[in-house]
Amino acid sequence: ANVQDVTATDTTPEVTIVNSTHEDTDGGREGKVIFKGQQSGGEETTLAEIQGSHDGTADDEKGDLIFRTNDGSDGASPTEAMRIDSAGNVGIGTNDPAHTLTINSADEDHIRLENGSEIGFIKLMDDGDINIWAHGSENIKFLNGTGSGTERMRIDSSGNLNIGSDTNVGYGPLQI
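Keep in mind it's a predicted model, so treat the numbers as computed, not measured.

The rules behind each value
Residues numbered from 1 in each chain as written. Predicted model: local features only at pLDDT ≥ 70, side-chain atom pairs only at ≥ 80, totals over all residues. Heavy atoms only, no water. Helix = DSSP H or I, 4+ residues; strand = E, 2+ residues; numbered from the N terminus. Buried < 20%, exposed > 50% of the residue type's maximum accessible area, 1.4 Å probe, protein only. Contact = heavy atoms within 4.5 Å. Areas by Shrake-Rupley, 256 points an atom, 1.4 Å probe, with all protein chains shown as cover. Pairing = 2+ DSSP bridges. Axes fitted to C-alpha atoms, helices over the stretch in contact; angles between N-to-C directions. Polar contact = N/O pair within 3.5 Å; in protein donor to acceptor, adjacent residues only side chain to side chain. 1 Å grid on protein atoms, 1.4 Å probe; cavity = no way out; pocket = protein on both sides within 12 Å on 5 of 7 lines; lining within 4 Å. Points joined across faces, edges and corners; volume = space filled by probe spheres on them. Nonpolar A, V, L, I, M, F, W, Y, C, P; charged D, E, K, R; others polar.

In terms of regular secondary structure, the chain is built from 0 helices and 12 strands. In the chain, the succession of helices and strands from N to C terminus is β-β-β-β-β-β-β-β-β-β-β-β. By the burial criterion, 19% of the 176 residues in the chain qualify as buried. Put simply, of all contacts in the chain between residues at least 6 apart along the chain, 13% involve residues at least 24 apart. Accessible surface for the chain amounts to roughly 13,000 Å². Of this, 49% is attributable to carbon and sulfur atoms.

The following block contains the structure:
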């Protein structure tokens, strides 16, 4: 087989993949871009895939965009890692995102937020609790309003709860 790079040069280049099967099945009409590579021994492996397919069973144009990656144990069939459905919902770890962003993991997982060397986490615990924390000696702030917002409440690095002020004016942790 003669293998070459695919190049499209134009003012609006595009590559079109058409599935000519006439069907209205969920996941049907699919087209894939498959990324493969060769290991040091020459074995070909499937590393990742991007798939476009029909979303639903109606006779319509709704589509999903599915991203699959190989974790080293998936052989030629990588596991779905992320999906963007026809409503624009993004699912990570789920093939049925019910909201704008749905993250599902069997593990006690978290969302890591980074800004240079600053790190924060939001974590859903096994018991259903949600933990929010700032890494190191940072504060957790609650704001509302427009633009950069107005700070309404803060939990500082000492555990003080400050409401309506960025300092507790020496009153220490809130006690009820």
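Glancing now at the sheet that holds strand β12 (residues 161-163). What the 3 strands build is an open sheet, ordered β10-β11-β12; its pairing is antiparallel. Edge positions in the open sheet fall to β10 (140-144) and β12, since each of these has one partner strand only. Across the sheet, the mean angle separating the axes of adjacent strands is 25° when strand polarity is ignored. The pairing of β10 with strand β11 (residues 150-155) spans 5 bridges and is classified as antiparallel. Paired with lysine 141 across the strands is arginine 154, a residue of β11.

For the rest of this paragraph, the subject is the environment of tryptophan 133. Structurally, tryptophan 133 is set in strand β9 (residues 130-134). The spatial distance from the C-alpha of tryptophan 133 to the C-alpha of isoleucine 155 is 9.8 Å, given a sequence separation of 22 residues. Beyond its immediate chain neighbours, meaning those up to four positions away, tryptophan 133 contacts Gly120, Phe121, Lys123 and Ile140.

If you trace the backbone, glutamine 51 turns up in strand β2 (residues 44-54). Side-chain polar atoms of glutamine 51 contact the side chain of serine 53, separated by 3.5 Å. Here the side chain of glutamine 51 touches arginine 68 through a polar contact of 2.7 Å, side chain to side chain. Leaving out residues up to four positions away in the same chain, glutamine 51 has contacts with Gly27, Glu30, Gly31, Lys32, Asp64, Leu65, Ile66 and Arg68.

Once that is clear, we can look at the side chain of arginine 154. Position of arginine 154 relative to the elements: it lies in strand β11. Among the residues examined, arginine 154 registers a relative accessible area of 11% and is labelled buried. Of note is the side chain of arginine 154, whose polar atom sits 2.7 Å from the side chain of glutamate 151.

The next thing to look at is the layout of surface pockets. Of the volumes computed, that of the second largest pocket is approximately 220 Å³. In terms of lining, the second largest pocket is formed by 16 residues, of which the most central are Ile17, Arg29, Gly31, Gly52 and Ser53. Among the elements of the structure, β1 (31-38), β2 and β3 (63-69) are those that each provide at least two residues to the lining of the second largest pocket. At 5 residues, the largest contribution of residues to the lining of the second largest pocket is made by β2. In the lining of the second largest pocket, the residues fall into 5 nonpolar, 7 polar and 4 charged.

To continue, consider the pairing of β3. On β3, burial follows the alternation: Asp64, Ile66 and Arg68 on one face are buried, whereas Gly63, Leu65, Phe67 and Thr69 on the facing-out side are not. Bridge count for β2 against β3 is 7 bridges, and the pairing is antiparallel. Bridge pairing in β3 links glutamate 49 to arginine 68. Here 5 bridges tie β3 to strand β4 (residues 79-84), and the two strands are oriented antiparallel to one another. Following the sheet pairing, threonine 69 is matched in β4 by threonine 79.

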